[in-house]
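# Overview (structure and organization)
Residues per chain are reported as follows:
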Amino acid sequence: MTDSVIDLGELRDEPDPESMPRPPRAHGRRLRCALVVVLALVTLAASAVASPRPAPVTLPGRPGSDVMIDGDLLLVMEPASTETRQARLAAYRLPGAEPVWQAPLPAEARYWGMIPLAGMLLATGYEIGPEGRETLTVALDRATGAYRWQQPGTVSKLTDGNLLLRSGGETVPSGLRAVDPCCGTVRWELSGLSPDMRVRDTGLGVDRVVLNQLDGPVEVRDAITGAVLARADLRPPDGGRIGLDLTKDLLLSIDRGSGTVTAYELDQLKPRWTRARVHIDFALDCGPVLCLRTGNNELQALDPATGEVRWHSSQWGWAWPTDGRLLANLSGVGPSEQYVVLDALTGQQLADLGRWELYQLGVGGRLVGIRRHPDGGVLVGELDIAAGKVHIVDVLPDVTGGCQAITGYLVCIATTTGSYQLWKLTD
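Below, the structure is looked at part by part. Fair warning: this is a prediction, and the values are worked out from it, not measured in the lab. (Residues numbered from 1 in each chain as written. Predicted model: local features only at pLDDT ≥ 70, side-chain atom pairs only at ≥ 80, totals over all residues. Heavy atoms only, no water.)

### Re the overall build of the protein
- The helix and strand tally for the protein stands at one helix and 35 strands.
- Buried residues in the protein amount to 44% of all 427 residues.
- Of the accessible surface of the protein, which amounts to about 22700 Å², a share of 53% is contributed by carbon and sulfur atoms. (Helix = DSSP H or I, 4+ residues; strand = E, 2+ residues; numbered from the N terminus. Buried < 20%, exposed > 50% of the residue type's maximum accessible area, 1.4 Å probe, protein only. Areas by Shrake-Rupley, 256 points an atom, 1.4 Å probe, with all protein chains shown as cover.)

Have a look at this one:
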């Protein structure tokens, strides 16, 4: 089925048969009727033979594998097994999933993420050692799977094409390191940092890092060079700890003790506005407004320039800006959540999209959801936020769930085999 919308149409009265003009009698009427019937049957038969759905590709990876598509490569990262105690990354050529290469991932670790960049594949996970867990990133050559380098830390792409690695955590000092993806060459690094740090991702990569030091000032750094752009002590008069949240060009300083939130312009740490007696859990980018999730389970939308509350509601749990509107979910619903479309400036509900397990195929890409079909399998829909509709993409009968959405494809567990299968999504 191709990008269709369920439409029940309209009911209309049937025309009165007596009011219809009668066709003139003519010789050969039976022959003409027979030809018409034959032509209609041929037309119906031709229309009934729809283009067959391409057969799904059964993936060689075990359940629990992470899957990613990068260009014409299907990448499957399998967890460590009890036999090998070592994870592996394998590449297969699409559309037939022919093997290209496979490579073991070094160290005993639980890998959970992949990033393709500059001809490299970067796998990140937790390295399990005698002193506990530490994050680790390993770089493999995309074309051959050959090992290139590994360094501690989780990885993010920088806007200039290099990488930012963050290491450490609650039990060990944190560190930052900018490296070249080709060979792991360090461009700048900082060590002995507080684990409380934030990064700003522009959608094209990270460009700012904010450090909230213990008993010290807050620093805003250029993620490309590591240079300090602004530094200020944002702690309250009693010297208590503050929390930080970052959205677009605003840094929020959160004093949970007094319930005070102050917004600063990011690159100068210049105060913009302050709100008192508000206890927030986190902030969200909601396009033209700034969303705050409060401690009493309320979503507030603020004017980012003044901090004035534009609207608030306890109905919605989260909200995301999409196509000039907000996609929000009903608070406290469950794994298959109900989604609605809101006007960002007023909070008015514009459409109810129903209940879905939602997947996004890339930043700003298609929003694809699945839900159980009453006759078995799953229904696949694309959520069109701008139109406030759901387009039915396909029905996959041989699927139990456990799906992952990747560019142009859906990976789910097959009912009959219990293995992962790859379905190509129609446009």
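### Here's the deal with the nonpolar core
- Grouped together as the largest cluster of nonpolar side chains are 18 residues, with contacts concentrated most on Leu 75, Met 77, Leu 89, Trp 101, Leu 105 and Tyr 111.
- Looking at this core, the elements with two or more residues in it are strand 3 (73–78), strand 4 (88–93), strand 5 (98–104), strand 6 (109–117), strand 7 (120–129) and strand 8 (132–141).
- Met 77 has contacts with Ser 65, Asp 66, Arg 88, Leu 89, Leu 105, Tyr 111, Trp 112, Gly 113, Met 114 and Ala 123, leaving out every residue within four places of it along the chain.
- One finds Val 57, Leu 94, Ile 406 and Tyr 420 within the second-largest nonpolar core, a separate group that totals 15 residues. (Core = buried A, V, L, I, M, F, W, Y, C linked by side-chain atoms within 4.5 Å. Contact = heavy atoms within 4.5 Å.)

### Remarks on the pattern of salt bridges
- Enumeration over the complete set of coordinates arrives at 16 salt bridges.
- Measuring nitrogen to oxygen at the nearest pair gives 3.0 Å for the salt bridge that ties Arg 148 to Asp 141.
- You can call Arg 148 partly exposed: its relative accessible area is 41%.
- Salt-bridge contacts for Asp 207 lead to Arg 200; the nearest nitrogen and oxygen are separated by 2.9 Å. With respect to burial, Asp 207 and Arg 200 carry one shared label: buried.
- Salt bridges sharing partners connect three or more residues here, namely Asp 70, Asp 72, Arg 93 and Arg 142. (Salt bridge = Lys/Arg side-chain N within 4 Å of Asp/Glu carboxyl O.)

### What about empty space enclosed by the protein?
- Scanning all chains against the criterion turns up one cavity of 30 Å³ or more.
- As a volume, the largest cavity reaches approximately 40 Å³.
- Considered class by class, the residues forming the lining of the largest cavity number three nonpolar, three polar and three charged. (1 Å grid on protein atoms, 1.4 Å probe; cavity = no way out; pocket = protein on both sides within 12 Å on 5 of 7 lines; lining within 4 Å. Points joined across faces, edges and corners; volume = space filled by probe spheres on them. Nonpolar A, V, L, I, M, F, W, Y, C, P; charged D, E, K, R; others polar.)

### Some remarks on the side chain of Thr 247
- Mapped onto the elements, Thr 247 comes out in strand 18 (residues 243–247).
- Under the relative-accessibility criterion, Thr 247 is labelled buried at 9%.
- When sequence neighbours within four positions are dropped, the list of residues in contact with Thr 247 reads Leu 284, Asp 285 and Leu 290.

### Things to note about the state of the cysteines
- A complete count under the given rule lists two disulfides for this structure.
- A sulfur-sulfur separation of 2.1 Å characterises the disulfide bridge that pairs Cys 403 with Cys 412. Because the torsion about its S-S bond is 110°, the bridge between Cys 403 and Cys 412 counts as right-handed. Cys 412 carries the same exposure label as Cys 403, and that label is buried.
- Counting only the cysteines that take part in disulfides, in the order they occur along the protein, gives the pairing 1-2, 3-4. (Disulfide = S-S within 2.5 Å.)

### With respect to the layout of surface pockets
- Its volume calculated, the second largest pocket comes out at about 260 Å³.
- Asp 66, Val 67, Met 68, Trp 112, Gly 113, Met 114, Ile 115, Thr 124, Thr 154, Val 155, Gln 404 and Ile 406 together form the lining of the second largest pocket.
- Secondary structure elements with two or more residues in the lining of the second largest pocket: strand 2 (66–70), strand 6, strand 10 (154–157) and strand 33 (399–406).
- Here the element with the most residues in the lining of the second largest pocket is strand 6; it accounts for four residues.
- Among the residues making up the lining of the second largest pocket, the classes are represented as seven nonpolar, four polar and one charged.

Spatial relationships are all this shows, so hold off on functional conclusions.
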